[in-house]
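# Chain and residue survey
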Amino acid sequence: MRWVTRFVRFHDTTHPRHLAEDDIRAFLSHLASERNVAASTQNQALNALVFLYEQVLGVELDDIGPLDRADRPKRLPTVLSRKEVRRLFASLSPGPNRRIAHLLYGSGLRLSEALRLRVKELDFDRGRVHVRDGKGGKDRTTVLPERLHVPLQRHLKTVKAQHETDCAEGVGSVHLPDAIAEKYPNAATEWRWQYVFPSTQLSEDPRSGAVRRHHRSDSAVQRAVKNAADAAEIEKRATCHTLRHSFATHLLQDGTDVRTIQKLLGHEQLRTTMQYVHVLEQSGEAVTSPLDTLPTDPA
């Protein structure tokens, strides 16, 4: 509504029905060149106007044409040092949130991927995590840290006991992809299909109305990581995704090939992974300050 109001006011309160693609282009270019808005803000305005015309007014827009695009700032990802990662983990309370944080850093998972993990996707024998339907709908395999084997197996025993109790009470089914649910109608209650990190509460599935246990809330994990970073007095903006960035950067520091890291992270383009190379290049690592080479202490 705000973007529609601004659009109409920009064109002297002319009704949108009397405005066309050239007028939209003029407004969006004005935002970039005169108002200096961010690229995401310009895109938000464009989406609002497309919705206005196509969904409200029922007008199909033609190609809007070239725009003055707002610059998207190129920022390198925030990366924690190994000492900061240790301090962060030490400040996390024992439990599922801590295990999830370990996987984000130890396996390079996105938070959504860790939360959607099923029991069958943890391969302890081979030390691998199988990520199904990751970003872009793609599957991949990444490393399962050996030091997480015993804690995760102990965690799964607790989860399995809860699942057996749920089954006995008639609420032990889990949401499955449509194709799996149709092909294997009994799979929803099988142990191997259950979430590794289930919710502590039962809830009604809005898709089917069934009462079941969904996976753990992402906000609970995000809040736990933020509180731990504050408690550890980490000055950087440390989030769940920061742990994934740190996974990639620390692998590079250890000499892992960038294409291997690309596969572990599930990046479609190599240039996305190369940002971690730039992090190392700009961090000044392995560079000695000339002040430290002076023969006497300048103090």
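The following refers to the structure shown. Only a predicted model underlies this, so the values are computations on that prediction, with no experimental measurement involved.

What counts, and where the lines are drawn
- Residues numbered from 1 in each chain as written.
- Predicted model: local features only at pLDDT ≥ 70, side-chain atom pairs only at ≥ 80, totals over all residues.
- Heavy atoms only, no water.
- Pairing = 2+ DSSP bridges.
- Helix = DSSP H or I, 4+ residues; strand = E, 2+ residues; numbered from the N terminus.
- Phe/Tyr/Trp six-rings, centres within 6.5 Å; stacked < 30°, edge-to-face > 60°.
- Buried < 20%, exposed > 50% of the residue type's maximum accessible area, 1.4 Å probe, protein only.
- Lys NZ or Arg CZ within 6 Å of the ring centre and 35° of its normal.
- 1 Å grid on protein atoms, 1.4 Å probe; cavity = no way out; pocket = protein on both sides within 12 Å on 5 of 7 lines; lining within 4 Å.
- Points joined across faces, edges and corners; volume = space filled by probe spheres on them.
- Nonpolar A, V, L, I, M, F, W, Y, C, P; charged D, E, K, R; others polar.
- Salt bridge = Lys/Arg side-chain N within 4 Å of Asp/Glu carboxyl O.

Now for the sheet that holds strand E3 (residues 140-143). Across the sheet, 3 strands lie side by side as E1-E2-E3; this open sheet has antiparallel pairing. Edge positions in the sheet fall to strand E1 (122-123) and E3, since each of these pairs with one other strand and no more.

Looking now at the packing of aromatic side chains. Across all of its chains, the model carries 5 aromatic pairs by this definition. Ring plane angle 65° and centroid distance 5.5 Å describe the contact between phenylalanine 7 and phenylalanine 27, whose orientation is recorded as edge-to-face. Taken together, the positions of phenylalanine 7 in helix H1 (residues 2-10) and phenylalanine 27 in helix H2 (residues 21-33) put the pair 20 residues apart, joining distant regions of the chain. For the pair shown, phenylalanine 7 and phenylalanine 27 are each scored as buried. One aromatic cluster in this structure is built from Trp3, Phe7, Phe10, Phe27 and Tyr53. Between the NZ or CZ atom of lysine 120 and the centre of the ring of tryptophan 193, over which it lies, the distance is 4.4 Å.

A few words on the layout of surface pockets. Space inside the largest pocket adds up to approximately 470 Å³. Residue lining of the largest pocket: 16 residues in total, with Phe89, Tyr105, Gly106, Pro145 and Arg147 positioned closest to the centre. When contributions to the lining of the largest pocket are tallied by element, the ones reaching two or more residues are helix H4 (82-91), helix H5 (96-107) and helix H10 (240-253). In this structure, the second largest pocket encloses a volume near 400 Å³. The wall of the second largest pocket is formed by 17 residues, among which Arg110, Lys135, Arg244, His267 and Thr272 lie closest to the centre. Among the secondary structure elements, those contributing two or more residues to the lining of the second largest pocket are H10 and helix H13 (275-282). Of all the elements, H10 adds the most residues to the lining of the second largest pocket, at 3 residues.

A few words on empty space enclosed by the protein. A full pass over the atoms with the stated rule returns 1 cavity of 30 Å³ or more. Here the largest cavity defines a volume of roughly 100 Å³. Forming the walls of the largest cavity are 13 residues, and the residues nearest its centre are His163, Asp166, Gln194, Pro198 and Arg213. Residue composition of the lining of the largest cavity, by class: 6 nonpolar, 5 polar and 2 charged.

The backbone of aspartate 12 sits at a positive phi, close to 55°, despite the residue not being glycine. Relative to the elements of secondary structure, aspartate 12 occurs in the loop between H1 and H2. Its identity is not glycine, yet glutamate 233 carries a phi of approximately 55°, on the positive side. Topologically, glutamate 233 is positioned in the loop between helix H9 (218-231) and H10.

Attention shifts here to the pattern of salt bridges. Taken as a whole and assessed by the stated rule, the structure comprises 12 salt bridges. For arginine 126, the salt bridge identified is with aspartate 123, shortest N-O distance 3.6 Å. Owing to a relative accessible area of 55%, arginine 126 belongs among the exposed residues under this scheme. We note a salt bridge from lysine 226 to aspartate 230, for which the minimum N-O separation is 3.1 Å. Separated by 4 residues within a single helix, lysine 226 and aspartate 230 lie in helix H9, roughly one turn from each other. Overall, lysine 226 belongs to the partly exposed group, its relative accessible area being 48%.

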